[in-house]
Amino acid sequence: MRMNSMALPDLSGLALRCESIGVGGKSDEGSGEIPRRGKGKQEQDTSTQEEPRDQTPASADGFVLKKRARWNAPPWRAASVLDFMFENPLDGKFKDILSVKQMLQNNPGIVRQYNTSYCHYGYSYRKRTVLIGTLTQLSLKCPCPEEPCRQLTLYGKHSKEVAECGNAQKNSLPPLLIDAMVDGWISRHAGRVERFLLVDVFSGWGSIERRVAEKKASGQWQKVFTFANDIVNRSHTQSNLDMSANTPWNPGALLVFALNALWPEHNAHVTEHPRGALGWVQDNGVAVLFHCSTPCQTYSTNALATHRVAGTADPKTPQAEHDDAMNASLIDYFTRNVLHPTKHTK
Ligand SMILES: [Zn+2]
């Protein structure tokens, strides 16, 4: 089912994904500097002191060592089929806005922040990224150069700069990073669900959908399904809903559309379920991951001078206020529906 015909009256706040990867002091791209091992360890987790420390440093052979978290998710979270993950440039300000900081502080052991970089996952340039959400057991590498990638270790630099890449490449998640996230998601629900539904809230250029299709074609991830939304209509998108705070849309609406598109035979059951689509997926063994590569147009390092008060995450333009409100609205939805123990679990 395509939702492209839905009214999108206001495109002034066009939520294009960031077209420029941040550059500057702690740049996303390698400068050839000599990496300083261990520097990043203290920078790993800015969420809360109680939060389990993010990825432990990689061992000499490059594998990430697992470390026991001090906080474990409570039983109601383990039983929930619902998850969400945000993604944005690490050196930008998304992770520093109030709604994100409060979500991390209020949910130790339930919401986790991961810092990493694309060059660890097969890309020839270093885009440092942050993932924040409820998949708390992922094994992701620490960002380069604090934990230098193979290229930096061998050659002292990255073979490609972000500026050399086209928009589709710059804004695509590395397939191997998608694998780490999706495989971790599948592991979390192993043996408890029948199907996995990844709702791509800001699907951009469709990198997640491409990767899932590749995996399915190779015989893997047979139970993984995607539903791609983006305000921009592209060939892979199945809906073009505006997630801005002042619209009626939210991730729950996307879930309804996704269920209707994928399994229309259950449409009546979803509609009639006393707890709606969220209750239906819980009772019918469908794990749902809302993935939010939220637009970084006012958060990335090269956008900060224009959109944020110097040295802070405070917005100073209507676009920055819009983006903060949209993310606060998404976080409010997730707080009420995913981070709440009494809803949507049996
Ligand atoms: Zn690197």
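Being a predicted model, the structure only gives us computed values, none of them experimental.

1. Topic: the nonpolar core
In step 1: In this structure, Met181, Leu197, Val199, Val288 and Leu289 are the most contacted members of the largest nonpolar core, which totals 74 residues.
In step 2: When residues no more than four places from it in sequence are discounted, the contact partners of Val199 are Phe227, Pro251, Leu254, Leu255, Ala258, Val288, Leu289, Phe290 and His291.

2. Re the pairing of strand E5 (residues 224-228)
In step 1: Looking at chain direction, strand E4 (residues 195-200) and E5 are connected through five bridges and run parallel. Bridged to Asp200 within E5 is Ala228.
In step 2: As a crossover connection, the stretch from E4 through helix H6 (residues 207-217) into E5 is right-handed.

3. Considering the sheet that holds strand E6 (residues 286-292)
In step 1: One open sheet holds the six strands; their spatial order is E2-E3-E1-E6-E4-E5, and the pairing between them is mixed. Bordering the open sheet on either side are strand E2 (112-117) and E5, each of which pairs with just one other strand. Strand-to-strand twist across the sheet, computed as the mean angle between neighbouring axes with direction ignored, equals 20°.

4. Some words on the environment of Pro75
In step 1: In this structure, Pro75 sits in helix H1 (residues 75-79).
In step 2: Here Pro75 falls in the exposed class, since 10 other C-beta atoms lie within 10 Å of it.
In step 3: For the pair Pro75 and Pro341, spaced 266 residues apart in sequence, the C-alpha separation works out to 9.2 Å.

5. Focus on the packing of helix H2 (residues 98-106) against helix H11 (residues 318-337)
In step 1: Following both chains from N to C, one finds H2 and H11 inclined at 25°, their axes separated by 9 Å at the closest point. Accordingly, the angle class assigned to the pair H2 and H11 is roughly parallel. Contacts between H2 and H11 involve Ser99, Val100 and Met103 from the first element and Asn327, Ala328, Ile331 and Thr335 from the second.
In step 2: Per-class residue counts for the contact of H2 with H11 are four nonpolar, three polar and no charged.

What counts and how
Residues numbered from 1 in each chain as written. Predicted model: local features only at pLDDT ≥ 70, side-chain atom pairs only at ≥ 80, totals over all residues. Core = buried A, V, L, I, M, F, W, Y, C linked by C-beta atoms within 7 Å. Buried ≥ 20, exposed ≤ 12 C-beta atoms within 10 Å, placed from the backbone. Contact = placed C-beta atoms within 7 Å. Pairing = 2+ DSSP bridges. Helix = DSSP H or I, 4+ residues; strand = E, 2+ residues; numbered from the N terminus. Right-handed = clockwise from strand over helix to strand, strands pointing away. Axes fitted to C-alpha atoms, helices over the stretch in contact; angles between N-to-C directions. Parallel < 35°, antiparallel > 145°, perpendicular 65-115°, else oblique. Nonpolar A, V, L, I, M, F, W, Y, C, P; charged D, E, K, R; others polar.

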